[in-house]
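# Observations on the model geometry
Residue-level listing of the chains:
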Amino acid sequence: MVGVDLGVTHLAVLSCPVPGVSDADGFVPNPRYLGRAQRALRRASRRVSRRVGPDRRAGQRPSKRWEKADRRRNTVHHWVTNLRRDGLHKLTTGLATTIGIVVVEDLNVAGMLQNRKLARQLADASFGEIRRQLCYKMCWSGGRQRQVAQSGWETINGRGADRKTKSGLAGGAEASTPHRLAGQDGDRSLVTASCE
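Rules used throughout
Sequence order as written defines the numbering, with residues in each chain counted from 1. Selection of residues for local features in this predicted model requires a pLDDT of at least 70, selection of side-chain atom pairs for listing and counting requires 80 or more, and totals for whole chains, interfaces and linings are taken over all residues. Calculated side-chain values reflect all of the structure's heavy atoms, with hydrogen atoms and water omitted. For each structure, a 1 Å grid was placed over the protein atoms alone; sets of points admitting a 1.4 Å probe that cannot get out are labelled cavities, open sets with protein on both sides within 12 Å along at least five of seven lines are labelled pockets, and lining residues have an atom within 4 Å of a point. Grid points are joined across faces, edges and corners, and a volume is the space filled by probe spheres set on the points. Secondary structure is summarised from DSSP: a helix means a run of H or I of at least four residues, a strand means a run of E of at least two, and numbering begins at the N terminus for each. Here a pair means two rings of Phe, Tyr or Trp (six-membered ring of Trp) with centres within 6.5 Å. Their orientation is stacked below 30 degrees between planes, edge-to-face above 60, and tilted elsewhere. As used here, the term nonpolar core means buried Ala, Val, Leu, Ile, Met, Phe, Trp, Tyr and Cys residues forming a set that is joined through side-chain atoms within 4.5 Å. Burial status follows relative accessibility: with a 1.4 Å probe on protein chains alone, a residue under 20% of its type maximum counts as buried, one over 50% as exposed, and anything between as partly exposed. Should any heavy atoms of two residues lie within 4.5 Å, those residues are counted as being in contact. The pairing criterion for strands is at least two bridges between them, as found by DSSP. For a helix, the expected span equals 1.5 Å multiplied by the residue count minus one.

To continue, consider the layout of surface pockets. Considered as a void within the structure, the largest pocket measures approximately 200 Å³ in volume. Around the largest pocket, the lining is made up of 14 residues, and of these L11, P29, P31, Y33 and G87 lie nearest the centre. Counting residues per element, the ones that place at least two in the lining of the largest pocket are β3 (27-29), α2 (64-98) and α4 (119-125). In terms of residue count, the dominant contributor to the lining of the largest pocket is α2 (five residues).

Okay, the packing of aromatic side chains next. If you walk through the whole model with that rule in mind, you get one aromatic pair. Ring geometry for Y136 versus W140: centroids 4.9 Å apart, planes at 65 degrees, classification edge-to-face. Placement of both Y136 and W140 in helix α5 (residues 127-141) is noted, with a separation of four residues, approximately one turn of the helix.

Soluble globular proteins: nonpolar side chains tend toward being buried together. V4, L6, L14 and L95 are the most contacted members of the largest nonpolar core, which totals 24 residues. Breaking this core down by element, the ones donating at least two residues are β1 (2-6), β2 (10-14), α2, β4 (101-106), α4 and α5. Ignoring any residue separated from it by four or fewer positions in sequence, one finds V4 in contact with A12, V13, L14, L95, V102, V103, V104 and E105. With six residues, the next largest nonpolar core counts Y33, L34, A37 and V80 among its residues.

We now examine unusual backbone geometry. Non-glycine residue R32 carries a positive phi angle of around 50 degrees. Looking at the secondary structure, you find R32 in the loop between β3 and α1 (33-49). Overall, the relative accessible area of 34% leaves R32 in the partly exposed class. Look at S126: it is not a glycine, yet its phi comes out positive at around 60 degrees. By secondary structure assignment, the location of S126 is in the loop between α4 and α5. The class for S126 is buried, based on a relative accessible area of 15%.

Turning to the pairing of β2, a few remarks are in order. As judged from the three bridges shared by β1 and β2, these two strands associate in the antiparallel manner. Looking across to β2, one finds that V4 is bridged to L14. Bridge count between β2 and β3: three bridges; the pairing is antiparallel. Counted as the bridge partner of A12 is V28 from β3.

Spanning 35 residues, α2 covers 51 Å between terminal C-alpha atoms, matching the ideal 51 Å at 1.5 Å per step. Burial in α2 covers these residues: W66, A69, D70, V76, V80, R84, L88, L91, T92, G94, L95 and A96. On its buried face, α2 is in contact with β1, β2, β3, α1, α4 and α5.

Geometric values such as these leave the question of function open.
This is how it looks when you write it as structure tokens:
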């Protein structure tokens, strides 16, 4: 059984070291693929912005030089994506094949991404993707993955919102707006056919 604490300084801190996955202290380094590629992305984006690009309002087609520069910029983006995907798969596969039970901290990733100073590093670390990959890989290997909130109790949906909101009108005094059904003239047969 290993506990995994996800972070920005270290991608993951394991409760006990796992050979081939972490170092001797249980730290998995954060490679920061996007941070390392920022300079190349800035240069490629500047090159694209200097070319004559498409304009839908005026019906202008992009120039060949803009298309070539855009392909180069997309190549850098794909390179970062592929490196990140490879690193995450190696981490999660290493944990799933060597550990029986993995306990992962349940983080409010959507709320954390609203922090302007940390959003880029958090998105580059891909906490949600780590949890998703661990979930299905632990099922494949016959192990179990548990998610534990910071307060110690488990949540069902990952964001901590386990309770339903109370039924009622929003704000209390708004009038309801009649909505048209899926068909052209309110054809209910289309709605019932799609629900069955």
